[in-house]
Amino acid sequence: MKTSITTSATRAPDRSRHWHEAIASAYFPLDLRFRDADRFSGDLTTWQFGDVSISRLTSDALQYHRLPHHFRAARDEEFLVTVPAKAEVFFSQCGKDIKCPPGGFFLERSSEPYQFSHAEPADMWVLKVEGDALAGRMRAPDRFCTLQFEADNGAGGLFTDMLHLLPARFDGMTQEARVTVGRQLVDLLVLAIKADDRVLASGNSTVRGAHLARIEAYVRANLQDFRLDPERIARACGISTRYLHELFRDTGQTVRSWIRDQRLMACREALEDPNNVETAAEIAYRWGFGDQTQFSRVFKAEFGVPPGEFRENARASRLS
């Protein structure tokens, strides 16, 4: 699905309301503060790639405020990844401020208040991704908000190149292809974030962060192993089991619950994949769930419906 919204055909007194509605529809509710509401000009185009959306937003100077009342009724965490193409953007969340010029990108989380603004006319690309999709690929993605990442080279350059390329290819893709490349774009985002040297030290000491990064890499490489447990992980990573549990205590999640969540996310992606012909039971077994009853129970608890129904809903969504 592709949608385009512009203020050019909107009467001056209606432009503020029109842009509020456009932003809420593309992202989530925000309070907007205009320099000159009646003369404000903005254009917003959004392309949907499965559960991921890409948007290009051009507008006059503006302030966006995410306030507590906006997310009290919100159920799921979402992240926006903003890539300025013109004008510097100011962002503040959780007591930390950044000024991101073109050539960088940063993350915003939906479940905490924030302020976002640009004092000059801006042109920016925005990726919207579900929190679960990021959490399934990296631990605690919220710790990377208010860090500015490079958008012009290395993995960050690959991410932004693909971000710019996909909309131009949108009309020539099938719905299945859009879902697939949306996931690949999120994979590139994670690669770009993890390639940054500051990530190992984010929210923790460098040594502890390095241990966690090594643990995460080992777990993801061995998710299909039924024997994966804290003792095996600790042994493979050269630390004690006690220290492993201590590291995860800082994250607010146990080792076993994190492993389970990674396996559930892998199963979810397999069930969403239109090219996957395995049964739900085969998928569960491949990703380390030996007990099908337990798998169905924890999958429903996490995603709201049993695995079979989730697959049918995903198929119906692609056809609609």
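For the structure itself, look to the data block above.
Residues numbered from 1 in each chain as written. Predicted model: local features only at pLDDT ≥ 70, side-chain atom pairs only at ≥ 80, totals over all residues. Heavy atoms only, no water.

Engineer: Give a description of the overall build of the protein chain that names residues and reports values.
Structural biologist: Counting its secondary structure elements, the protein chain contains 12 helices and 12 strands. In terms of overall size, the protein chain behaves like a compact globule, its C-alpha atoms giving a radius of gyration of 21 Å where 320 residues would be expected to give roughly 20 Å. Each of the three principal axes of the protein chain carries a C-alpha extent, and together these read 65 × 45 × 35 Å. By residue count, 48% of the 320 residues in the protein chain fall in the buried class. A fraction of 68% describes how many contacts in the protein chain between residues 6 or more apart in sequence connect residues 24 or more apart. When the accessible surface of the protein chain is split by element, carbon and sulfur atoms take 49% of a total near 15,400 Å². Of the charged side chains in the protein chain, 42 are positive and 44 negative; the average position of the first set lies 3 Å away from that of the second. (Helix = DSSP H or I, 4+ residues; strand = E, 2+ residues; numbered from the N terminus. Rg over C-alpha atoms; globule rule 2.2 N^0.38 Å. Buried < 20%, exposed > 50% of the residue type's maximum accessible area, 1.4 Å probe, protein only. Contact = heavy atoms within 4.5 Å. Areas by Shrake-Rupley, 256 points an atom, 1.4 Å probe, with all protein chains shown as cover. Lys, Arg positive; Asp, Glu negative; His and termini not counted. Charge placed at Lys NZ, Arg CZ, Asp CG, Glu CD.)

Engineer: So what about the nonpolar core? Which residues, and what values?
Structural biologist: Note on soluble globular proteins: their nonpolar side chains tend to be buried together. Core analysis: the biggest nonpolar cluster contains 35 residues, and Ile54, Phe105, Leu107, Leu127 and Phe159 have the highest contact counts within it. Of all the secondary-structure elements, those providing two or more residues to this core are strand S3 (42-49), strand S4 (52-59), strand S6 (78-86), strand S9 (104-109), strand S11 (122-130), helix H3 (131-135), helix H4 (154-169) and helix H5 (175-194). For this core, the element with the highest residue contribution is H5, accounting for eight residues. (Core = buried A, V, L, I, M, F, W, Y, C linked by side-chain atoms within 4.5 Å.)

Engineer: Run through the state of the cysteines, naming residues and quoting values.
Structural biologist: Evaluation of the coordinates by the stated rule reveals zero disulfides. Here Cys100 stays unpaired: no disulfide links it, and the sulfur of Cys145, its closest cysteine neighbor, is 13 Å away. By relative accessible area, which is 0% here, Cys100 ends up buried. (Disulfide = S-S within 2.5 Å.)

Engineer: Requested: an account of the sheet that holds strand S8 (residues 96-100), with residues and values cited.
Structural biologist: Taken in spatial order, the five strands make up an open sheet running S2-S5-S10-S7-S8, and their pairing is antiparallel. Strand pairing shows two members of the sheet lacking a second neighbour, strand S2 (31-34) and S8, which therefore form its edges. Each adjacent strand pair in this sheet contributes to an overall mean axis angle of 15°, direction not counted. Pairing geometry for S2 and strand S5 (residues 62-66), over four bridges, is antiparallel. Counterpart to Phe34 in the pairing with S5 is Leu62. Against the sheet, helix H1 (residues 15-26) contacts S2 and S5, and its axis sits at roughly 140° relative to S2. (Pairing = 2+ DSSP bridges. Axes fitted to C-alpha atoms, helices over the stretch in contact; angles between N-to-C directions.)

Engineer: Got a sec to walk through the packing of aromatic side chains? Specific residues and values, please.
Structural biologist: Applying the stated criterion across every chain, the model contains 17 aromatic pairs. Ring geometry for Phe295 and Phe299: centres 5.6 Å apart, planes at 55°, overall tilted. Separated by four residues within a single helix, Phe295 and Phe299 lie in helix H11 (residues 292-303), roughly one turn from each other. In this pair, the class of Phe295 matches that of Phe299, namely buried. Across from the ring centre of Phe170, 3.8 Å away, lies the NZ or CZ of Arg178, which sits over that ring. (Phe/Tyr/Trp six-rings, centres within 6.5 Å; stacked < 30°, edge-to-face > 60°. Lys NZ or Arg CZ within 6 Å of the ring centre and 35° of its normal.)

Engineer: Requested: an account of the sheet that holds S6, with residues and values cited.
Structural biologist: The strand order S1-S3-S4-S11-S6-S9-S12 describes an open sheet built from seven strands, whose pairing is antiparallel. Each having just a single partner strand, strand S1 (2-6) and strand S12 (149-150) make up the two edges of the open sheet. Where S1 meets S3, five bridges bridge the pair, whose relative direction is antiparallel. Each residue of the ladder has a partner; that of Thr3, found in S3, is Thr46. The sheet contacts of H5 involve S3, S4, S6, S9, S11 and S12, and relative to S3 the element is tilted by about 105°.

Engineer: Can you tell me about H1, naming the residues and giving the values?
Structural biologist: Helix length check: H1, at 12 residues, gives a terminal C-alpha distance of 16 Å against a target of 16 Å (1.5 Å per residue), a fit within 8%. Along H1, the residues classified as buried are Arg15, Trp19, Ala22, Ile23 and Ala26. All buried residues of H1 lie within an arc of 95° about the axis, which places them on one face of the element. Buried positions along H1 lie against S1, S2, S3, S4, S5 and S11. (Expected span 1.5 Å × (residues − 1). Arc of directions from axis to C-beta.)

Engineer: So, the packing of helix H7 (residues 230-237) against helix H8 (residues 241-249): which residues are in play, and what are the values?
Structural biologist: The N-to-C vectors of H7 and H8 enclose an angle of 100°; their axes lie 8 Å apart at closest approach. Between H7 and H8, the crossing angle belongs to the class labelled roughly perpendicular. Side by side, H7 and H8 meet where Pro230, Glu231, Ile233 and Ala234 of the first sit next to Thr241, Leu244 and His245 of the second. When grouped by side-chain class, the residues that make up the contact of H7 with H8 number four nonpolar, two polar and one charged. (Parallel < 35°, antiparallel > 145°, perpendicular 65-115°, else oblique. Nonpolar A, V, L, I, M, F, W, Y, C, P; charged D, E, K, R; others polar.)

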